[in-house]
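# Chain and residue survey
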Amino acid sequence: MSQQVQAGQGQWTGFHGALQRPQVVIALIIGYCGLNLLFRAAASPVIGIDDMFENVLVQELRAGYMLRQPPLYEWLLYLIQQLVGPTIWSFQILKYGLVCLTGVFFYALARRALRDSALAAVSTFSLVLFYQVGFNLHEGVTHTAVLMATVCATFLCFIRLVEAPGLWRAALLGVALGLGMLSKHSFWLVPVAMAFAVVSLRPWRERLPWDLLPLAILIGAVVYAPYLLWTFEAKQSLLSNSLNVMVVGEQQSHLLRAAQGVGRLSVSLLGFSMPFLVLWALFFLTGGLATRERVEGNRSLSPLAQLIGRYIFVAIVITGLGVLLSGATYIKERHMHPILLLLPIYAFALVEFRGYSEKRLWWFMAVIAAVISLVFLIRLPDFIAPDRTICGSKCRVAKPYPALAKKLLEWDPSVAEGTLISLDSYLGGNLRAAFPEARLVIREFRPTTPGRASCFVVWEQGDGQQLRSLAQAAKDERFTAAMGVTASEVLSSGYFKVAWPHLWLPTGHRVTNWAAYRIEPTNALCQ
């Protein structure tokens, strides 16, 4: 068939027609998030990367927890844990709930930016072709999940305010801005880059409801205020703290650090875009793949597509200038979400502009489905076959923390409600999952609640024959306060050899050794 079909006229049926139905797209988004949630929560109860630290922090609800990250993620996690407890389910419900919101908000933006609603759907599904979203997000993402949702929510609230100005829509934009600032510090780039992008485009500049923006800014400031006041009480500067994190290698000249920073920014921008950018160019900017039906291009990009493209450009420029001025060198792919998260919308706006074939859309969707399936297959061995050949030395998602918890409980039942001092945060987070009524202390966090009648120090001794004493483990983990426990303060001790699970290797193919001391609850560590 060589029939030409004008974009957005709704003449497609079958696959292409299904993608034009919002209920189908939203159902696929929910299905993707639901399957990943169930897969991870059912595969292992072990609390993994980053989550384990958060599991210790949210023993208490605080206005702030650390200068390095704002507290919105912790607040949400605390609320969820009041319902389901400090288990793997709380983290998965929060993570994939946020991913689902990100997908729905992103899709709503794409529908406004792309005249062809099928392309809007495909651009939304394309998010999984970013490595940081489609793979890395499943293990080791906390605050970034909140950031993704608030970036999309802020754009959507802004567009709705411009479409139909009103007090309620200005208020919603303010709430989105405030929540975004509470998600990650890098969110500040979003309103700044958006402001420059809007001002630089005459159609947007002329439609902007200037009189309502002060209300949105005021509400955003009110939402952000609790954390900002906490930082003042902490008597530390967010800016100086951020620079301390981002600027490393201060012994080098500023010029050299700036050059390194720009180079790392360029690599990170390119790396974050992979493999989406390569696949998109292969399918929609090159020849091959015979045409069955073709959608003709539009004469121009939509105003929203132009704004998103300008926003991405401005965000890159602002970030580059910030690197040059500060000499920041700690720049990673995982920091690029505020800049490039909306890239698929702009990329498919270009596809809509030049036209495309339905067959190419078919193949592109097949690749997306294959990538999703491949990610499931890649992740599975870590849970069912955690040996060094498959997942290396750590294999943290399958480490036998639940079996250790059972042995600790058999050794001393009071461990379930005592103060537990863990020398590393992985152990601490998983002990809290096993003993939700206990009081957990790690090097980075000590609850304000009073000490308990019983107190324990727990540490990993290692997998091999060279076992670590408490003093050596405390030194290795930089928990120097634990080195002061004297022999006279040790009331009892336990040593635990715990076997790892494996689908086909025999029990004992791999073991990890832990130790625990019950110490005097009057020790400063226990307070």
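Residues numbered from 1 in each chain as written. Predicted model: local features only at pLDDT ≥ 70, side-chain atom pairs only at ≥ 80, totals over all residues. Heavy atoms only, no water.

### A word on the overall build of the protein
Helices and strands together make up the secondary structure of the protein, namely 23 helices and eight strands. A compact globule built from 527 residues should have a C-alpha radius of gyration of about 24 Å, and the protein, at 26 Å, falls within 12% of that. Excluding contacts between residues fewer than 6 apart, the proportion of contacts in the protein whose partners are at least 24 apart in sequence is 78%. For the protein, the exposed surface amounts to about 23100 Å²; the carbon and sulfur share of it is 64%. (Helix = DSSP H or I, 4+ residues; strand = E, 2+ residues; numbered from the N terminus. Rg over C-alpha atoms; globule rule 2.2 N^0.38 Å. Contact = heavy atoms within 4.5 Å. Areas by Shrake-Rupley, 256 points an atom, 1.4 Å probe, with all protein chains shown as cover.)

### Quick word on the state of the cysteines
For the structure shown, the criterion picks out one disulfide. Covalently, Cys-455 is tied to Cys-526 through a disulfide, its sulfur atoms 2.0 Å apart. Across the disulfide from Cys-455 to Cys-526, rotation about the S-S bond amounts to roughly -90 degrees, and the bridge is consequently left-handed. You can see Cys-455 sitting in strand 6 (residues 455-462) and its partner Cys-526 sitting in the segment after strand 8 (511-519), a full 71 residues away along the chain. Owing to a relative accessible area of 0%, Cys-455 belongs among the buried residues under this scheme. Cys-526 sits in the buried class, given a relative accessible area of 1%. Note on Cys-100: no disulfide assigned, nearest cysteine sulfur contributed by Cys-33 at a separation of 4.6 Å. (Disulfide = S-S within 2.5 Å. Buried < 20%, exposed > 50% of the residue type's maximum accessible area, 1.4 Å probe, protein only.)

### Considering the nonpolar core
One finds Phe-158, Phe-348 and Phe-364 to be the most contacted residues of the largest nonpolar core, which totals 141 residues. No other element matches helix 8 (residues 143-163), which puts 14 residues into this core. Not counting chain neighbours up to four residues away, the residues in contact with Phe-348 comprise Leu-114, Leu-119, Val-122, Ser-123, Ser-126, Phe-276, Trp-280, Phe-284 and Phe-364. In this structure, Ile-421, Val-441, Leu-470 and Phe-479 belong to the second largest nonpolar core, which totals 17 residues. (Core = buried A, V, L, I, M, F, W, Y, C linked by side-chain atoms within 4.5 Å.)

### Observations regarding the packing of helix 15 (residues 276-284) against helix 18 (residues 343-354)
Running from N to C, helix 15 and helix 18 cross one another at 10 degrees; their axes reach a closest spacing of 12 Å. Considered as vectors, helix 15 and helix 18 are oriented roughly parallel to each other. Across the interface between the two elements, Phe-276, Leu-277, Trp-280 and Phe-284 from helix 15 touch Leu-343, Pro-344, Ala-347, Phe-348, Leu-350, Val-351 and Arg-354 from helix 18. Considered class by class, the residues forming the contact of helix 15 with helix 18 number ten nonpolar, no polar and one charged. (Axes fitted to C-alpha atoms, helices over the stretch in contact; angles between N-to-C directions. Parallel < 35°, antiparallel > 145°, perpendicular 65-115°, else oblique. Nonpolar A, V, L, I, M, F, W, Y, C, P; charged D, E, K, R; others polar.)

### Quick notes on the side chain of Thr-144
Along the chain, the position of Thr-144 falls in helix 8. A relative accessible area of 9% places Thr-144 in the buried class. With near-sequence residues (within four places) excluded, Thr-144 lies in contact with Lys-184 and His-337.

### Thoughts on the sheet that holds strand 4 (residues 419-422)
Here we have five strands laid out as an open sheet, ordered 5-4-6-8-7, and mixed in their pairing. Each edge of the open sheet carries a strand with a single partner, namely strand 5 (439-441) and strand 7 (490-499). Ignoring strand direction, the axes of neighbouring strands in this sheet form an average angle of 25 degrees. Two elements, strand 4 and strand 5, share three bridges in a ladder whose sense is parallel. Across the sheet, residue Ile-421 finds its bridge partner in strand 5, namely Val-441. (Pairing = 2+ DSSP bridges.)

### A short note on the confidence of the model for the protein
In low-pLDDT segments, the atomic positions of the prediction should not be examined closely. On average, residues of the protein score 89 in pLDDT, and 91% of them are at 70 or above. With pLDDT under 50 throughout, residues 1-11 is counted as low confidence; its partners more than four residues away or in other chains account for 24 contacts. In the model, residues 288-292 has pLDDT below 50 throughout and makes ten contacts with residues more than four positions away in sequence or in other chains. (pLDDT = per-residue confidence, 0-100.)

### Concerning the environment of Phe-479
For Phe-479, the position within the fold is in the loop between helix 23 (470-476) and strand 7. Under the relative-accessibility criterion, Phe-479 is labelled buried at 5%. The spacing of Phe-479 and Asn-513 is 34 residues in sequence and 19 Å in space, taken between C-alpha atoms. Apart from the residues lying within four places of it in its own chain, the contact partners of Phe-479 are Ile-421, Ser-422, Leu-423, Ile-442, Arg-443, Ala-474 and Leu-525.

### Examining the pattern of salt bridges
Per the stated rule, a full pass over the model turns up ten salt bridges. Between Arg-62 and Glu-60 there is a salt bridge, with its nearest N and O atoms 3.0 Å apart. Accessibility expressed as a relative area gives 23% for Arg-62, which makes it partly exposed. A residue is classified by how much of its surface remains accessible, and Glu-60, at 10% relative accessible area, is buried. (Salt bridge = Lys/Arg side-chain N within 4 Å of Asp/Glu carboxyl O.)

### Some words on the environment of Gly-320
Summarising the element assignment, Gly-320 is placed in helix 16 (residues 303-326). Separated by 197 residues in sequence, Gly-320 and Ser-123 place their C-alpha atoms 27 Å apart.

### Examining the packing of aromatic side chains
The description of two aromatic rings rests on the distance between their centres and on the angle between their planes. Under the definition given, this model contains 20 aromatic pairs. A centroid spacing of 5.5 Å and a plane angle of 70 degrees characterise the contact between Phe-130 and Phe-276, whose relative ring orientation is edge-to-face. Here Phe-130 is found in the loop between helix 6 (117-125) and helix 7 (131-134), whereas its partner Phe-276 is found in helix 15, with 146 residues between them in sequence. A relative accessible area of 0% means that Phe-130 is categorised as buried. Their ring planes at 25 degrees and their centres at 6.3 Å tell us that Phe-158 and Trp-204 sit as a pair that is stacked. Linking Phe-158 in helix 8 with Trp-204 in helix 11 (residues 202-207), this pair joins segments that are 46 residues apart in sequence. Of the two residues, Phe-158 and Trp-204, both sit in the buried class. By the ring-pair criterion, three or more aromatic residues cluster together here, those being Phe-130, Phe-272, Phe-276, Phe-283, Phe-284, Phe-348 and Phe-364. Taking the ring centre of Trp-500 as reference, the NZ or CZ of Arg-510 above it sits at 4.0 Å. (Phe/Tyr/Trp six-rings, centres within 6.5 Å; stacked < 30°, edge-to-face > 60°. Lys NZ or Arg CZ within 6 Å of the ring centre and 35° of its normal.)

### Things to note about the pairing of strand 8
Across the nine residues that make up strand 8, a large majority, eight, are buried. By the bridge criterion, seven bridges tie strand 6 to strand 8 in an arrangement that is antiparallel. Bridge pairing in strand 8 links Trp-459 to Ala-515. As judged from the nine bridges shared by strand 7 and strand 8, these two strands associate in the antiparallel manner. For Val-490, the partnering residue across the bridge sits in strand 8 and is Ile-519.

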